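Notes for the structure review
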Amino acid sequence: MEKPQSPEELMATMNELERQASPRGPRIRYAADSREGERGGNRLDRMRSRSRDSISIHSTRRSIDPSIALPPQFRTLSFSIEEGKRQQAIEDEKKKAHAKPDEIEFGSMDYHTTAVDELLSRFQTSRGSGLTGTQAAQLLKTIGQNVPTPPPSRWARKTVTYLFGGFGSILFVAAILVFIAWKPLGQPPSPANLALAIVLLLVWVIQASFSFWQDFSSSRVMASISGMLPDKCIVLRDSTQQQIDGRDIVPGDMLKISLGNKLPADVRFIEVSSDARFDRSILTGETMPLLGSVESTDVNYLETACIGMAGTHCVSGSAWGLVLETGDRTVFGRIAKLTSAPKGGLTPLQKEILYFVGLIVALMLLMIVMVIIVWATWLRKTHPDWITVPILIVDCVSVAVAFIPEGLPIAVTASLTITAQIMKRNKVLCKSLKTVETLGAVNVICSDKTGTLTRNIMAVTEYLVGKEPGTALKSAGDYPTEKGLQQLARVAAVCNEAEFDASTVNAQIADRKVLGDATDSAILRFTEGMTKVSALRAANRSIFKIAFNSKNKFAINVVQPEDETSPLLTIKGAPDILLPRCGSYLNKDGFVERLEKHDRRALESMKDFWSSQGRRVILLAHKPLEALQFDSAAQPREYELDIMGRASAELLLVGLIAIVDPPRAEIPEVVRILRGAGVRVFMVTGDFKLTAAAIAAECGIITQSPKNIEDVTSLAFDDDYLESAGIEKSHDHSEVRTHSIVLSGADLETLDESQWNKLCRYDEIVFARTTPEHKLRIVKELQKRELTVGMTGDGVNDAPSLKQADVGIAMGSGSDVALEAADMVLLDSFAAIVEAVRYGRVVYDNLKKTICYLLPAGSFSEFWPVITNVVFGLPQVLSSFLMIIICCFTDCAAATAIAYEKPEADVLMRPPRNARKDRLVDWKLVLHAYGYIGMIETVCSFAMSYWYAQRQGLTFSSLWFAFNNVTPNGLSTDEVTAILNTASSIYFVNLVVMQWFNLFAVRTRRLSVLNHRFNWYLPPAIIFALLVAILFLYVPEFYSVLGTSTVPVANWFLPMGFGMGVLLLDEGRKWLVRRYPGSLIAKMAW
């Protein structure tokens, strides 16, 4: 035998395979794939369509196919039932307290385990006559028609939320109050008040519109549910078969089911033909029809074959069923209702915005109450002409306007949408805006192996027949002389679902297109390299197949060899499952030898050796079938049970095959970057532990040497306990800072809460031999420990874990069900996850920058003119109308432009934010915005305004505590008003111009703005602010009505000096933060 391939030879082979393969490569064909032709268009067209509408996830989004939307919920409930049954003996009461109502109800159903006669008695019906007409009519009246109840539209509640949520209610009340201050309280009515009221009303409507645009929680499944149920059905009533409307069927009816019928309700089969099969893909997403049975085949109500579910249909044979549940009480109805229900709770960003709104409203109400108290206790009595009731209303509204950053909702929505568009250009498709905001907090990514971390282009590298290994490259030369290898080729050819595409069957083997999953494809190419697979299949006619599944981990094909009288059972699967079932083995020369203990040890050793090299090992075996009692066509259920029993022992081991699926070249660097960003990458795979650990080491997920990798025994005791007991661990953790562990799915089922707590603290984890149920549990356990989890997956059964994860991540080549369940789709490769995490953090950073930009001028600097007006008797040096203009026009465009800021250099060098503790607006940001930038802008604006008035002859001393008793030196009232209007406009211009420089200052939080890439959206935003200011200050139709005024040229340039000072001061602050990271200034940095 030849020695195994060297790594160089192996990589060369893989590169050649990858070069010849299609861009996506072969993949498992799921239910959605088989229906692509019916829906029209190829997969690329559908992906492009999905890309185009991916950003706007609103109620107007594309309609959802229930066959894609329902399976994730079905699988989640099924896994939950099985998990509940496993834990029932230990924590039955605890499970009932915390499980969802639907999980409890499904888990406690006994329709499938109860005898048929007892069910007939329970429903007061009979097998021969069915219900009476009277019974049916009474049940229909009591239970209702067999139709799903559409979910409530909730439009009234949503509309109220859109209009009055957040700052909406304050803006609405403020607009109404200003309208009242205009008329009837205004004597005479002030046009400025009317303009202010109209602008407030417009801002209120715009904010509501953006709230509506951002709402992507809607029920889109129920709309197409009614079309999934049949119009007519045949039932047995009053001893006669009657065709009735499907809506009038009731529990207790005897339903006749024929080929092509769609089930209108949930039924228990009481009679089934031998070939009765039912397509459940609408619920499960799996194309393989389920063989019907009268007896229960599974303790799980959702998985047993004796229950027929509404919405599924009969694809062969016939049956009679007892109707159990109708309408919303069917499995179909309940899952549709769960799927259609809007997502509950607030997203992390919504919570942060609510916290910020609460803070601002509390400050606003405090100031308003203070203004009212000052007016009621002092000004109303001492200076009754200073603030009248209409002016008081406008002053209170001015306080509200000053505190509320009206541009924030618009900026937030724009920021999220813009970031999603940027990610889309980086081949990352975010299906909702929630995904964008959550990505920045992800601290654990659980990644599938095959196709995600690896190329999913598998190749057979070695094989073993008897106890002698050989290489795949030399197998063709050895095939003619080795009888054992010929038997291996036969089993590999017939127990294989992969096929060569007819259009490429005459091409070179490496150039042929293969239809089938990657493992079967690799074995098919390996076998074709030795002999014609088509000839082997023709000589071994298939009789009966049992497909591979994640529970059994093997596949069976019963064939009839043309040169033998007895059928032959061929089986292929995981060695750890099948090797204990083997009683003998085939040696190199084709002779059968008994499998002794030392032989098993040798096979285990070879399997472990290959696995430690990252190979996936497959065992192939067969067994002649003698004295079969059942016919595969007439009695498929009994035949399957017989075959499964015969496959449980005394198999003849034909050989082992080693398959390699090397990691993608970019994966080690991706893992290194994510680890540097504080994101732990865990591998979750169905492979053997040694294989998984080897691939994880190649990917960089495991960095420790094998002797330092721990297993489940390390979770049994705390380190302190072992040390106190005098037990030393096998390696020194004082030298090894990174803790690594490899666990199997079976290990996970034994862990208690304390062990999960310890496990979740490990730096590097590989979960091997896992099932979809394990993946779901892993996500839930990590989330229970306040970790923000991203989970990758591509199969139908991965949908529950994708949906449960904080960010479900599907590959673009995944099944439609997985794509629907996921929050994010990587259109190219897993490497795009780096950009996803980067921009997930950038959007959060940019939102902080947006708020930090809006608060100084749009809140703090607007508040003080109102307070000085009320408390110190000064004129309100910034009108309420100009406050609105700053918030909604001059600052809003710039705030939106901040969303286009590129990531700072250190964005992937710091740990992810804690979504449960880190605030979007914390005391550091408030101190910077109010106490630093806001204070400078306010002082400068006041100084500029009153300096202008001073130069015009209106001294500050004449205004201080004047309370409208101004004593100007020879100035008329109109002249005083004109001077104050110009001073107000100067205050406005000063804020607008200084904000231009603040805009550049907030572009970075720690780095110098000179080291940051220029944002070319900023100049247009500045020009827009300038044009808005000119419009309201220099157009006569506006300034004559709104009380604004033209501003001297000098007052446009002086604020630029102030703004430059702000920018330079902030650059100095950032330098100190970088230079002295442990200083007080650094700790106070926002």
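The name an unreviewed UniProt entry gives the chain is Cation-transporting P-type ATPase N-terminal domain-containing protein, with Friedmanniomyces endolithicus as the organism. As stated in UniProt under Subcellular location (unreviewed entry), the record for the chain gives "Cell membrane".

This paragraph deals with the overall build of the chain. When its secondary structure is counted, the chain shows 41 helices and 29 strands. Every one of the 1086 residues in the chain was classed for burial, and the buried ones make up 55%. Counting every atom, the chain has about 45,000 Å² of accessible surface; 58% of that belongs to carbon and sulfur.

Positioned with a positive phi, arginine 769 is a non-glycine residue whose angle comes to about 50°. Mapped onto the secondary structure, arginine 769 falls in the loop between β26 (764–768) and α30 (772–784). At phenylalanine 961, a position not held by glycine, the phi torsion is positive, near 55°. Among the secondary structure elements, phenylalanine 961 is positioned in the loop between α36 (956–959) and α37 (973–1001).

In this section: the sheet that holds strand β3 (residues 254–257). Taken in spatial order, the six strands of this open sheet run β2-β1-β3-β9-β4-β7, and their pairing is antiparallel. Looking at strand neighbours, the two that pair on one side only are β2 (240–245) and β7 (307–308), the edges of this open sheet. In the sheet, strand β1 (residues 232–237) pairs with β3 via three bridges, with the strands oriented antiparallel. Bridge assignment links isoleucine 234 to a residue of β3, and that residue is lysine 256.

Looking now at the packing of aromatic side chains. For any pair of aromatic rings, the description rests on two quantities: the centre-to-centre distance and the angle between the ring planes. Scanning the entire structure with this criterion turns up 25 aromatic pairs. Ring plane angle 15° and centroid distance 3.8 Å describe the contact between tyrosine 900 and tyrosine 1017, whose orientation is recorded as stacked. On the criterion of sequence distance, the pair formed by tyrosine 900 in the loop between α34 (880–897) and α35 (923–951) and tyrosine 1017 in the loop between α37 and α38 (1018–1034) is long-range, its members being 117 residues apart. Look at tyrosine 900 and you get partly exposed, because its relative accessible area is 26%. Geometrically, the ring pair formed by phenylalanine 942 and tyrosine 946 is stacked, given 6.0 Å between the ring centres and 5° between the ring planes. Separated by four residues within a single helix, phenylalanine 942 and tyrosine 946 lie in helix α35, roughly one turn from each other. According to the relative accessible area criterion, phenylalanine 942 is buried, its value standing at 16%. Among the aromatic residues, ring-to-ring pairing joins Trp378, Trp386, Phe872, Phe942, Tyr946, Phe956, Trp960, Phe961, Phe963 and Tyr987 into one connected group. A cation over an aromatic ring shows up here: arginine 380 above the ring of tryptophan 375, its NZ or CZ 5.9 Å from the ring centre. The lysine or arginine in question, arginine 951, covers the ring of tryptophan 947, its NZ or CZ lying 4.3 Å from the ring centre.

Within the element layout of this structure, valine 921 appears in the loop between α34 and α35. Judged by relative accessible area, which is 2%, valine 921 ranks as buried. C-alpha of valine 921 to C-alpha of isoleucine 851: the two residues are 70 residues apart in sequence and 8.0 Å apart in space. Non-local contacts of valine 921, meaning those with residues more than four positions away in its chain, are made with Glu352, Tyr355, Phe356, Ile851 and Val926.

What follows deals with the sheet that holds strand β29 (residues 824–826). Strand order across the open sheet formed by nine strands is β10-β29-β28-β27-β11-β23-β26-β25-β24, with mixed pairing between neighbours. Each of the sheet's edge strands pairs with one partner strand only, and the pair in question is β10 (428–430) and β24 (709–710). Each of β11 (444–447), β23 (680–684), β26 and β27 (789–793) is contacted by α30, which is oriented at about 170° to β27, the strand it contacts most.

Our next topic: a nonpolar patch on the surface. Among the surface-exposed residues, Val173, Ile176, Leu177 and Ile180 lie close enough to one another that they form a single nonpolar patch of about 280 Å² accessible area. Positionally, leucine 177 belongs in helix α10 (residues 168–182). Using a relative accessible area of 32% as the deciding quantity, one classes leucine 177 as partly exposed.

As for its position among the elements, alanine 414 is in helix α16 (residues 408–425). In this structure, the C-alpha to C-alpha distance between alanine 414 and alanine 899, residues 485 residues apart in sequence, is 7.4 Å.

On to the side chain of aspartate 642. Tracing the backbone through its elements, the reader meets aspartate 642 in helix α24 (residues 636–646). Residues contacting aspartate 642, with those up to four places away along its chain left out, are Leu628, Gln629 and Phe630.

Let's shift gears to the confidence of the model for the chain. Counting all residues, the mean pLDDT for the chain is 82, and 84% of those residues have values of 70 or more. Taking the mean pLDDT of every element in the chain, the minimum, 33, falls on helix α2 (residues 31–34) and the maximum, 96, on strand β18 (residues 568–573). The low-confidence segment residues 216–224 (pLDDT under 50) makes 36 contacts with residues lying over four places distant or belonging to another chain. Between residues 730–736, whose pLDDT stays under 50, and residues either more than four places distant or in other chains, the model counts eight contacts.

Turning to the pattern of salt bridges, a few remarks are in order. For the coordinates displayed, the defined rule picks out 37 salt bridges. Across the pair arginine 237 and aspartate 253 runs a salt bridge, and its minimum N-O distance is 2.7 Å. Here the residue arginine 237 occupies a position in strand β1, and aspartate 253 occupies one in the loop between β2 and β3, the gap between them amounting to 16 residues. Each member of the pair, arginine 237 together with aspartate 253, is buried. With its nearest N and O atoms 3.6 Å apart, the salt bridge here joins arginine 777 to glutamate 781. Of this pair, arginine 777 and glutamate 781 both sit in helix α30, four residues apart, roughly one helical turn. As far as burial versus exposure is concerned, arginine 777 and glutamate 781 are alike and both buried. Each member of the salt-bridge network shares a partner with another, and the members are Glu753, Arg777, Glu781, Lys784 and Arg785.

On to the nonpolar core. Of all hydrophobic cores here, the largest spans 156 residues; its most connected members are Leu200, Met364, Met824, Leu826, Ile833 and Phe988. In terms of residue count, the dominant contributor to this core is helix α33 (residues 832–871) (21 residues). In contact with methionine 364, other than residues within four places in its own chain, are Ile170, Val399, Ala400, Phe403 and Ile404. Formed by 33 residues, the second largest nonpolar core is a distinct cluster that contains Cys446, Val684, Leu743 and Trp756.

What follows concerns α10. Between its first and last C-alpha, α10 extends 21 Å over 15 residues, near the 21 Å set by a 1.5 Å rise per residue. Taken as a whole, α10 has its buried residues at Gly168, Ile170, Leu171, Ala174, Ala175, Val178 and Ala181. Burial along α10 is one-sided: seen end-on, the buried residues are contained in an arc of 160°.

Turning to the side chain of serine 958, a few remarks are in order. Mapped onto the elements of the fold, serine 958 is located in helix α36. In this structure the side chain of serine 958 is engaged in a polar contact, spanning 2.6 Å, whose partner is the backbone oxygen of threonine 955.

Attention now moves to the packing of α35 against α37. Running from N to C, α35 and α37 cross one another at 150°; their axes reach a closest spacing of 8 Å. Where α35 crosses over α37, the two elements pack in a sense that is right-handed. For the pair α35 and α37, the contacting residues are Ile933, Ile936, Glu937, Thr938, Cys940, Ser941, Phe942, Met944, Ser945, Tyr948 and Ala949 in the first and Ile979, Thr982, Ala983, Ile986, Tyr987, Asn990, Leu991, Met994, Gln995 and Asn998 in the second. Residue composition of the contact of α35 with α37, by class: 13 nonpolar, seven polar and one charged.

Among the secondary structure elements, proline 1055 is positioned in helix α40 (residues 1050–1075). Residues in contact with proline 1055, not counting those within four places in the same chain, are Met944, Asn990, Val993, Met994 and Ala1050.

With that out of the way, let us pick up the packing of α37 against α38. Think of two packed helices as two axes; the pair is described by the angle between the axes and how far apart they sit. Put simply, α37 and α38 touch, their axes get as near as 11 Å, and they point 180° apart. One finds that α37 runs roughly antiparallel with respect to α38. Of the residues in α38, those touching α37 at Ser985, Phe988, Val989, Val992, Trp996, Leu999 and Phe1000 are Leu1018, Ile1022, Ala1025, Leu1026, Ala1029 and Leu1033.

Cut-off values and rules
Residues numbered from 1 in each chain as written. Predicted model: local features only at pLDDT ≥ 70, side-chain atom pairs only at ≥ 80, totals over all residues. Heavy atoms only, no water. UniProt positions renumbered as here; feature names shortened; annotations may be inferred. Helix = DSSP H or I, 4+ residues; strand = E, 2+ residues; numbered from the N terminus. Buried < 20%, exposed > 50% of the residue type's maximum accessible area, 1.4 Å probe, protein only. Areas by Shrake-Rupley, 256 points an atom, 1.4 Å probe, with all protein chains shown as cover. Pairing = 2+ DSSP bridges. Phe/Tyr/Trp six-rings, centres within 6.5 Å; stacked < 30°, edge-to-face > 60°. Lys NZ or Arg CZ within 6 Å of the ring centre and 35° of its normal. Contact = heavy atoms within 4.5 Å. Axes fitted to C-alpha atoms, helices over the stretch in contact; angles between N-to-C directions. Patch = residues over 30% accessible without salt bridge, like charges linked within 9 Å, V, L, I, M, F, W, Y side chains within 5 Å. Salt bridge = Lys/Arg side-chain N within 4 Å of Asp/Glu carboxyl O. pLDDT = per-residue confidence, 0-100. Core = buried A, V, L, I, M, F, W, Y, C linked by side-chain atoms within 4.5 Å. Expected span 1.5 Å × (residues − 1). Arc of directions from axis to C-beta. Polar contact = N/O pair within 3.5 Å; in protein donor to acceptor, adjacent residues only side chain to side chain. Left-handed = near helix turned anticlockwise from the far one by under 90°. Nonpolar A, V, L, I, M, F, W, Y, C, P; charged D, E, K, R; others polar. Parallel < 35°, antiparallel > 145°, perpendicular 65-115°, else oblique.

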